[in-house]
Amino acid sequence: MPAPDAARRADLALLAEAAADAATLAMGFFGSHPKVWMKDGASPVSEADFAVDRFLHGRLTGARPDYGWLSEETEDAPDRLGRRRLFVVDPIDGTRGFLAGSEEWTISLAVVEDGRPVAAALIQPATGVLFTATADGGAARNGAAMAMAAAPEIGRARAAGPTSLCTLLRHETGGCRGGYVASLALRIAMVAEGRLDLALAKANARDWDLAAADLILAEAGGALMGPGGRPLAYNRPDTRHPVLAAAHPELARRAIDLVAPLAAH
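First, a word on what this report is: a plain description of the structure on this page. For clarity, every value in this text was computed on a predicted model and none was experimentally measured.

Things to note about the sheet that holds strand β7 (residues 129-134)
Pairing is mixed in the open sheet, where seven strands are placed in the order β3-β4-β5-β6-β7-β8-β9. Unpaired on one side and paired on the other, β3 (68-71) and β9 (144-145) mark the two borders of the sheet. Judged from the seven bridges that link them, strand β5 (residues 106-113) and strand β6 (residues 116-124) form a sheet pairing that is antiparallel. When the sheet's bridge partners are listed, I107 is paired in β6 with I123. Against the sheet, helix α2 (residues 47-63) makes contact with β3, β4 (85-93) and β5, and its axis sits at roughly 155° relative to β4, the strand it touches most.

Written out as structure tokens, the structure is:
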């Protein structure tokens, strides 16, 4: 068998190539008024989401038939829990932005091994930006290595997230400039590349929203954490996560310590 780092590099190459082809497919629907349905009466899903999901399932599981599969647009199957490795995919993260004609949507792909992401590709099709990472192999934006700078004071942080969480943080710190980004994965990747200092996520984000961006951020020197500073575990029976903060580790811990108790009320 190949060494773990070689296997992860091979998985990354597979993810990156699939992401690029999926981006081309998705852009064929972008701005073309695709069919839209509502999930649970509140969340839109389009024919583009389903088309990208089908494409990625065929490409990725065809290349790695022993890997499990978890995607937002595929009915969950319990057999994934018995797989050491699986693909975790969001065919279009930020569907509302995609449908509105915004550039702030992504296609998110990760390989999770023993509960943690080990290879990731996150592409923003409307801009052509591709973020990649492997565990212990670093993170890159369009092939250029990324490394985060030291954290600013929390009151001076450029933050993005749901209005409710940003308001809570602003109330506690008197600062935090920023706004909303439709794709949660992109929000986190923007921290890794230095366009944001802090990204926040409400409770109930899912594995597919987070796995790729989590690894990209970690390999750039940041941290995505829940209450108490806990890292995230993936491929559990329940794919939901608590309120989260993504930033340089010191800033992330400070932010989650402030936001988590308030968000619980």
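Description of the pairing of β7
By the criterion of burial, β7 is predominantly enclosed, with six of the six residues buried. Because side chains alternate across β7, one face comprises the buried residues V129, F131 and A133, and the other comprises L130, T132 and T134, equally buried. Pairing analysis gives six bridges linking β6 to β7, with the strands arranged antiparallel. Counterpart to A121 in the pairing with β7 is T132. Between β6 and β7, which pair antiparallel one after the other, the connecting turn spans four residues, and G128 there sits at a positive phi close to 80°.

A look at the nonpolar core
Core analysis: the largest hydrophobic core is formed by 71 residues, its most contacted members being L56 and L60. Among residues more than four places away in sequence, those in contact with L56 are A18, A22, T61, W69, V89, I107 and L109. Counting residues in each nonpolar core, the second largest holds 20 residues, with I154, M225, A255 and A260 among its members.

A short note on the pairing of strand β12 (residues 198-201)
It is a general feature of regular strands that their side chains alternate between the two faces of the sheet. Burial along β12 is two-sided: the residues L198 and L200 and A199 and A201 are all buried. Both strand β10 (residues 158-160) and β12 contribute to a ladder of two bridges, which runs parallel. Of the residues in β12, the one forming a bridge with A159 is L198. The sheet contact formed by β12 and strand β14 (residues 244-247) spans four bridges and is antiparallel. Across the sheet, L200 pairs through a bridge with A245, a residue of β14.

Focus on helix α5 (residues 184-193)
The element α5 is extensively covered by neighbouring structure, given that nine of its ten residues are classed as buried. The set of residues buried in α5 consists of L184, A185, L186, R187, I188, A189, M190, V191 and A192.

Calculation rules
Residues numbered from 1 in each chain as written. Predicted model: local features only at pLDDT ≥ 70, side-chain atom pairs only at ≥ 80, totals over all residues. Heavy atoms only, no water. Pairing = 2+ DSSP bridges. Helix = DSSP H or I, 4+ residues; strand = E, 2+ residues; numbered from the N terminus. Contact = heavy atoms within 4.5 Å. Axes fitted to C-alpha atoms, helices over the stretch in contact; angles between N-to-C directions. Buried < 20%, exposed > 50% of the residue type's maximum accessible area, 1.4 Å probe, protein only. Core = buried A, V, L, I, M, F, W, Y, C linked by side-chain atoms within 4.5 Å.

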